[in-house]
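Structural characterization, general
So the chains spell out like this:
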Amino acid sequence: MARTASVERNTLETQITVKINLDGTGQAKFDTGVPFLEHMMDQIARHGLIDLDITCKGDTHIDDHHTVEDIGITLGQAFAQAIGDKKGIVRYGHSYVPLDEALSRVVIDFSGRPGLDMKVDFTRAAIGRLDTQLFWEFFQGFVNHAKVTLHIDNLKGFNAHHQAETIFKAFGRALRMAVEQDPRMAGVTPSTKGSL
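Residues numbered from 1 in each chain as written. Predicted model: local features only at pLDDT ≥ 70, side-chain atom pairs only at ≥ 80, totals over all residues. Heavy atoms only, no water.

Brief notes about the overall build of the chain
Heads up, the rule is: Secondary structure elements are taken from DSSP: a helix is a run of H or I of four residues or more, a strand is a run of E of two residues or more, and numbering for both begins at the N terminus. The reference for a compact globule is 2.2 Å times residues^0.38; the radius of gyration itself is calculated from the C-alpha atoms. Each residue gets one of three labels from its accessible area relative to the maximum for its type: buried under 20%, exposed over 50%, partly exposed in between, using a 1.4 Å probe on protein chains only. Residue contacts follow a heavy-atom distance rule, with two residues in contact if any of their heavy atoms lie within 4.5 Å. Only four residue types enter the tally: Lys and Arg on the positive side, Asp and Glu on the negative side; His and the chain ends are excluded. Working definition for charges: the position is that of NZ of Lys, CZ of Arg, CG of Asp or CD of Glu.
Secondary structure summary: the chain contains 4 helices and 10 strands in total. Since a compact globule built from 196 residues should have a radius of gyration of about 16 Å, the 16 Å found for the chain is in line with a globular shape. Along the three orthogonal principal directions, the C-alpha set of the chain runs to about 45 × 40 × 30 Å. A burial count over the chain gives 50% of its 196 residues as buried. Of the contacts formed within the chain by residues at least 6 apart in sequence, a portion of 77% connects residues at least 24 apart. Separation of charge centres in the chain, based on 21 positive and 25 negative side chains, amounts to 7 Å.

Let's talk about the packing of aromatic side chains
Note the threshold: Aromatic rings from Phe, Tyr and Trp, with only the six-membered ring used for Trp, were paired whenever their centres fell within 6.5 Å, and each pair was classed as stacked if the ring planes differed by under 30 degrees, edge-to-face if by over 60, and tilted otherwise.
Taken as a whole and judged by the stated rule, the model has 9 aromatic pairs. Through a chain of ring-to-ring contacts, the aromatic side chains of Phe36, Phe79, Phe122, Phe135, Phe138, Phe139, Phe142, Phe168 and Phe171 assemble into a single cluster.

Considering the sheet that holds strand β3 (residues 28-31)
One key point about sheets: their strands pair by backbone hydrogen bonds, in either a parallel or an antiparallel sense. The test is simple: Only strands that DSSP links by at least two bridges are regarded as paired with each other. For helices, the axis comes from a line fit to the C-alpha atoms of the stretch in contact; other axes are also lines fit to C-alpha atoms, and the angle between any two N-to-C directions lies between 0 and 180 degrees.
Overall, mixed pairing links the 4 strands, which are arranged β1-β2-β4-β3 in an open sheet. For this open sheet the edge positions go to β1 (4-10) and β3, each flanked by a neighbour on one side alone. Averaged over all neighbouring strand pairs, the angle between strand axes comes to 0 degrees, with direction disregarded. Pairing between β1 and strand β2 (residues 14-21): 7 bridges, direction antiparallel. Residue pairing for β2: Ser6 is matched across the bridge by Lys19. In the packing of helix α1 (residues 35-48) onto the sheet, the strands contacted are β3 and β4 (51-58), and the crossing angle to β3 comes to about 160 degrees.

A closer look at the nonpolar core
One recurring pattern in soluble globular proteins: nonpolar side chains tend to sit buried together. Selection criterion: What we call a nonpolar core is a set of buried Ala, Val, Leu, Ile, Met, Phe, Trp, Tyr and Cys residues that are connected through their side-chain atoms within 4.5 Å.
Membership of the largest hydrophobic core comes to 56 residues, with the highest contact counts inside it found for Ile20, Phe79, Ile108, Phe135, Phe138 and Phe139. If one sorts the elements of this core by residue count, helix α4 (residues 160-179) sits on top with 10 residues. Excluding its chain neighbours within four sequence positions, the residues that come into contact with Ile20 are Arg3, Thr4, Ala5, Asp51, Leu52, Leu75, Ala78, Phe79 and Ala82.

Note that all results are geometric; they support no functional claim without further evidence.
Rendered as structure tokens:
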């Protein structure tokens, strides 16, 4: 069965459509009005081998906050829909990713329990025009709606672009590991409780 989803979310602040394929090839198409976020989401697609098609019309004339947060929310909803009952998946994923001087670690659990622990001291307040505080908003939105536990640690780095890129690459690779189907767990929920 195809592990795909299409989710629309419309508010007075943003109108978003997210389409994903968890068993894709890393194809990505974005039209969000936030170029650096698109560059980061491209890392999720490429390194997660997840096809992403995301469009957003948001109130970026105010700032990027609502757009970035709401894309995280809608992407989380799409993941929850595409992953379904979680039977047969690996469930846990982790990755360390370096980029020059920067190194980040991301660990994820499709636990059914939303939780974000993000320890990143960005060396700049903005990358291009994107406020680095908004990365937390993106991941918090994702976590709450995908219902995952997510730990993000930037272990080192002084270039803010490199810090962000290692986080998103590691996030993509951790997702790829966690949603992978384990043939030895086919039809089995990866929990001793019997549900997630």
